[in-house]
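Examining the three-dimensional arrangement
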Amino acid sequence: MSNTSADKKTGTRLVGAGRQPEWTGAVVNPPIWRASTHLYESCAALKAGTSSNEDGRFFYGRRGAPTQWALADALTMLEPGAFGTVLYPSGVAAISGALISVLKPGDVMLVSDNAYEPSRLMANGLFKRLGIETKFFDPLDLNAFTAMFCENTKAVLIESPGSLTMEVCDTPAIAAIARKHGAVSMIDNTWATPLAFPALRHGCDIAIMALTKHVGGHSDLMMGSVSAGERWYKRLRQTAQTLGHVVSPDDAALALRGIRTLEIRLQKQTNTALGIAKWLDARNDVAHVLCPMLPGSPTHETWARDFTGGCGLFSFVLKGRGAEARDRLIDALDLFGIGYSWGGFESLALPADPAPIRTAASWPPKDYDADDQCLIRLFIGLEDVDDLIADLARAFDAMDQT
Ligand SMILES: *Cc1c(COP(=O)(O)O)cnc(C)c1O
């Protein structure tokens, strides 16, 4: 089924994705195949199985079974230009799995300064110990970026929009510059998913997602994925097998369930987030709204040029308030949970300070007033927009009551 629907529109593809008849049998969804041992009919069949390492062949639990294959197949179908998808036990494992598939000691990688903090820690810790050097770059300064390449630069990792500060970079240009210098371009595409930003079509070699977020969609699973064209897919798969990465069939089934409603969840969350971003933008106790979908917001033009959708994740900066006022605001919220992660059905608020984790593009930006630094990241879930705004309005009142 998934093979025949590749030319259809998104909603149709989301419904058909991964539902190959040999995996689903007579039911709608691929059943949950819980399996370590795969049994063989004979010693000869066992030997034949050992020597073949193709996708979709039974072998042993670590290479998955139809539930995981169906999820990987569905994700490949959602990413135009992908040959295959490898699943990982978390988004962070997907990032490390992609990097370690590409890099070797002596190599240099360039990482955008607004990358997810664990990606930075990985680069400065594990990869440094392995003899791989990382240079961080300002994702909005292409001249400085181009000047950073050296003979040993082998990979570029970007995130767009960036974590917390939400800058959308010129990914097609960055991918083209990387390619010209013989470096592999990788993008952490968790925010947009291929629905809003088909990364391989925009020139990236490797597209990474934390499935924990939008794809899972219900705050009840951890998983990551990496999709790529044939050359890199083969390397990624071999490396993941060597490292022993496997995901549980129960979680794969939950992620497949999440895929079916991905488009309508993202559309509703985008609309609600845009309504809230506009409301925040009109307040005089808000200095900056960092929401790529909002006209007038930084890098909105790049978003409008390259993206066909958004999501519920964005940030804003308070005007002239410190961390205590910010915490009072967040603590006063009823409908927003306080916690990490995002992409579920429920709204979240997070106090965050990008300053200590930026080294190339300083935070706050030079044009901000000195008193305007306190950032709140919101994730907008599936609640009603009027209820969320009323909750925020109450919390803003509580912020200044000391
Ligand atoms: C959450 C997140 C990750 C990591 O995903 P986990 O499943 O939590 O490990 C990676 N990148 C981005 C942009 C994220 O938001």
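Residues numbered from 1 in each chain as written. Predicted model: local features only at pLDDT ≥ 70, side-chain atom pairs only at ≥ 80, totals over all residues. Heavy atoms only, no water.

1. Side note on the nonpolar core
As a rule of thumb, nonpolar side chains are buried together in soluble globular proteins. Counting residues in each nonpolar core, the largest one holds 94 residues, and the members touching the most others are Leu71, Val156, Trp191, Phe314 and Leu378. Not counting residues within four places of it along the chain, the set of residues in contact with Trp191 comprises Pro161, Met166, His214, Pro292, Met293, Trp303, Phe307, Gly309, Gly310, Cys311, Leu313 and Trp342. Of all hydrophobic cores here, the second largest spans 29 residues; its members include Met122, Leu157, Ile206 and Trp232. (Core = buried A, V, L, I, M, F, W, Y, C linked by side-chain atoms within 4.5 Å. Buried < 20%, exposed > 50% of the residue type's maximum accessible area, 1.4 Å probe, protein only. Contact = heavy atoms within 4.5 Å.)

2. Some words on helix 11 (residues 249-260)
With 12 residues, helix 11 extends 17 Å from end C-alpha to end C-alpha; this agrees with the ideal 16 Å at 1.5 Å per step. Turning to helix 11, the residues buried within the fold contact helix 1 (10-16), helix 4 (66-78) and helix 12 (262-281). (Helix = DSSP H or I, 4+ residues; strand = E, 2+ residues; numbered from the N terminus. Expected span 1.5 Å × (residues − 1).)

3. Here's the deal with the layout of surface pockets
Leftover empty space is mapped by rolling, across the atoms, a probe with the size of a water molecule. In this structure, the largest pocket occupies an estimated 670 Å³ of space. Around the largest pocket, the lining comprises 34 residues; the ones closest to its centre are Tyr116, Glu117, Pro118, Ser163 and Arg377. Elements represented by at least two residues in the lining of the largest pocket include exactly helix 5 (91-102), helix 6 (117-129) and strand 11 (348-352). Looking at the lining of the largest pocket, its residues break down into 19 nonpolar, 8 polar and 7 charged. What the second largest pocket holds in volume is close to 550 Å³. Around the second largest pocket sit 26 residues that line it, and Asp55, Trp69, Ala72, Thr85 and Tyr233 are the ones nearest its centre. No other element matches helix 4, which puts 5 residues into the lining of the second largest pocket. Its residues assigned to classes, the lining of the second largest pocket shows 10 nonpolar, 9 polar and 7 charged. (1 Å grid on protein atoms, 1.4 Å probe; cavity = no way out; pocket = protein on both sides within 12 Å on 5 of 7 lines; lining within 4 Å. Points joined across faces, edges and corners; volume = space filled by probe spheres on them. Nonpolar A, V, L, I, M, F, W, Y, C, P; charged D, E, K, R; others polar.)

4. With respect to the pairing of strand 6 (residues 206-210)
In terms of residue burial, strand 6 counts as a mostly covered element, since 5 of its 5 residues are buried. Burial of strand 6 is two-sided: the residues Ile206, Ile208 and Ala210 facing one way and the residues Ala207 and Met209 facing the other way are all buried. Sheet analysis places strand 5 (residues 184-188) next to strand 6, joined by 3 bridges and oriented parallel. Across the sheet, Ile187 pairs through a bridge with Ala207, a residue of strand 6. By the bridge criterion, 5 bridges tie strand 6 to strand 7 (residues 224-228) in an arrangement that is antiparallel. Bridging from a neighbouring strand, Ile206 pairs with Ala228 of strand 7. (Pairing = 2+ DSSP bridges.)

5. Describing helix 5
The first and last C-alpha atoms of helix 5 sit 17 Å apart over 12 residues, in line with the 16 Å expected at 1.5 Å per residue. Burial within helix 5 is extensive, with 10 of its 12 residues counted as buried. Buried within helix 5 are the following residues: Gly91, Ala93, Ala94, Ile95, Ser96, Gly97, Ala98, Leu99, Ser101 and Val102.

6. So, the site of the ligand
Close to the ligand lie 13 residues; Gly91, Val92, Asp188, Thr212 and Lys213 are nearest. Within the backbone of Val92, one N or O atom sits 2.9 Å away from an oxygen atom of the ligand. For the ligand, whose free accessible area comes to 380 Å², the fraction covered by protein is 91%. Comparing atom positions with the cavity grids shows the ligand to sit within the largest pocket. Considering only residue class, the shell around the ligand consists of 6 nonpolar, 4 polar and 3 charged. (Near = heavy atom within 4 Å. Polar contact = N/O pair within 3.5 Å; in protein donor to acceptor, adjacent residues only side chain to side chain. Areas by Shrake-Rupley, 256 points an atom, 1.4 Å probe, with all protein chains shown as cover. Sits in = over half its atoms within 2 Å of the grid points.)

7. Notes on the sheet that holds strand 4 (residues 153-159)
If you walk across this open sheet you meet the 7 strands as 1-7-6-5-4-2-3, and the pairing is mixed. Edge positions in the sheet fall to strand 1 (84-88) and strand 3 (133-137), since each has one partner strand and no second. Along the sheet, successive strands turn relative to each other by an average axial angle of 20 degrees, direction set aside. (Axes fitted to C-alpha atoms, helices over the stretch in contact; angles between N-to-C directions.)

8. Comments concerning the sheet that holds strand 8 (residues 286-290)
Judged by pairing direction, the sheet is mixed, and its 5 strands sit side by side in the order 8-9-12-11-10 without closing on themselves. Two strands in the sheet have a free side with no partner beyond their single neighbour: strand 8 and strand 10 (337-338). Bridging between strand 11 and strand 12 (residues 375-379) involves 5 bridges; their strand directions are antiparallel. Bridge pairing in strand 12 places Leu348 opposite Phe379. Lying on the sheet, helix 12 is in contact with strand 8, strand 9 (313-318) and strand 12; it crosses strand 9 at an angle near 10 degrees.

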